[in-house]
Amino acid sequence: MVIEGFVADIQTVTADGSAFARVGIGSLAIWSLDVLTALAVFAAFGYTLTPSLVAVGFFAVSVGNLAKVLPLTPGGVGLYEGAFTIIVAPLTPVGVTAALSIAIVDHAVKNAVTILGGVVSMAWLNVSLTTAVEESRSASDVQPEIND
């Protein structure tokens, strides 16, 4: 049921050119902010943002985000940091300890922004988290009918 809804949403967006462009531009903007945040953390740790460090940082954020897709830890904590460190440490002059520290700070900043943004969005849209959780539970309690 969830997969069908997801596929239907994708079909809706891809069928409408302007919606596809909005989603694409929005995704690119979010991804860019994600990379810029990591680069700001590199700079805060005193590293000069050379073209190679920027490229590796972009790659590390991308791989780190893909690693979080695996449902192995809550919020991808540890997976992002591990993937980020495995990419940054051997490809840059940043040592393993510094790369891990940068990844931890980077991920913490992004999670804080996500939580804060969620709270602000809930208040702005007048959405109750407890109501959403209750409705989610009641929706999952409904058994689908099987038609023979």
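Look above for the structure.
So, how was this worked out
Every chain's residues receive numbers from 1 upward, in the order its sequence appears when written. Only residues with pLDDT of at least 70 get local features here, since the model is predicted, and only at 80 or more are side-chain atom pairs given and counted; chain-wide, interface and lining totals rely on the full set of residues. Side-chain metrics rest on all non-hydrogen atoms present in the structure, leaving aside hydrogens and water. By nonpolar core we mean a set of buried residues, namely Ala, Val, Leu, Ile, Met, Phe, Trp, Tyr and Cys, connected to one another through side-chain atoms within 4.5 Å. Exposure categories follow from relative accessible area, calculated using a 1.4 Å probe and restricted to protein chains: below 20% of the type maximum is buried, above 50% is exposed, and the middle band is partly exposed. Only DSSP runs of H or I reaching four residues or more are called helices, and only runs of E reaching two or more are called strands; each is numbered from the N terminus. Residue contacts are defined here by distance: any two heavy atoms, one from each residue, within 4.5 Å place the two residues in contact. To obtain each axis, a line is fitted to C-alpha atoms, and for helices this fit is confined to the stretch in contact; angles are then taken between N-to-C directions over 0 to 180 degrees. For classification purposes, angles smaller than 35 degrees are called roughly parallel, those larger than 145 roughly antiparallel, those between 65 and 115 roughly perpendicular, and all remaining angles oblique. A clockwise turn of the near helix away from the far one marks a right-handed crossing, whereas an anticlockwise turn of less than a right angle marks a left-handed crossing. Classification convention: Asp, Glu, Lys, Arg as charged; Ala, Val, Leu, Ile, Met, Phe, Trp, Tyr, Cys, Pro as nonpolar; all other residues, Gly among them, as polar. By definition here, a helix of n residues has an expected span of 1.5 Å times n minus one. Within 3.5 Å is the distance limit for a polar contact, defined as a pair of N or O atoms, with the added protein rule that one can donate a hydrogen and the other accept it, and that residues adjacent in sequence qualify only through two side-chain atoms.

Draft legend 1. Looking closely at the nonpolar core. Within the largest apolar cluster, 19 residues are counted, with the highest numbers of intra-cluster contacts made by Phe42, Val61, Phe84, Val88, Val94 and Ile102. Broken down by secondary-structure element, the contributors of at least two residues to this core are helix H2 (17–44), helix H3 (51–67), helix H4 (79–91) and helix H5 (96–125). In this structure, valine 61 is in contact with Asp34, Val35, Ala38, Tyr80, Phe84 and Lys110, ignoring residues within four places of it in sequence.

Draft legend 2. Spatial organisation of the packing of H2 against H5. Two numbers describe how H2 lies on H5: the axes approach to 9 Å, and their chain directions differ by 135°. Classified by the interaxial angle, the pair formed by H2 and H5 is oblique. Seen from above, H2 lies across H5 with right-handed handedness. Along the contact surface, H2 presents Asp34, Thr37, Ala38, Val41 and Phe42, while H5 presents Ile102, Val105, Asp106, Val109 and Lys110. A breakdown of the residues in the contact of H2 with H5 according to their chemical character gives 6 nonpolar, 1 polar and 3 charged.

Draft legend 3. View of H3. For H3, which comprises 17 residues, the first-to-last C-alpha distance of 24 Å matches the rise-based estimate of 24 Å (1.5 Å per residue) to within 8%. Taken as a whole, H3 has its buried residues at Leu53, Val56, Gly57, Ala60, Val61, Ser62, Gly64, Asn65 and Ala67.

Draft legend 4. View of unusual backbone geometry. Of note in this structure, asparagine 126 is not a glycine but carries a positive phi near 55°. On the secondary structure map, asparagine 126 appears in the loop between H5 and helix H6 (129–141).

Draft legend 5. Geometry of the environment of tryptophan 31. Among the secondary structure elements, tryptophan 31 is positioned in helix H2. Separated by 34 residues in sequence, tryptophan 31 and asparagine 65 have C-alpha atoms that sit 9.9 Å apart. Of note is the side chain of tryptophan 31, whose polar atom sits 3.4 Å from the side chain of serine 62.

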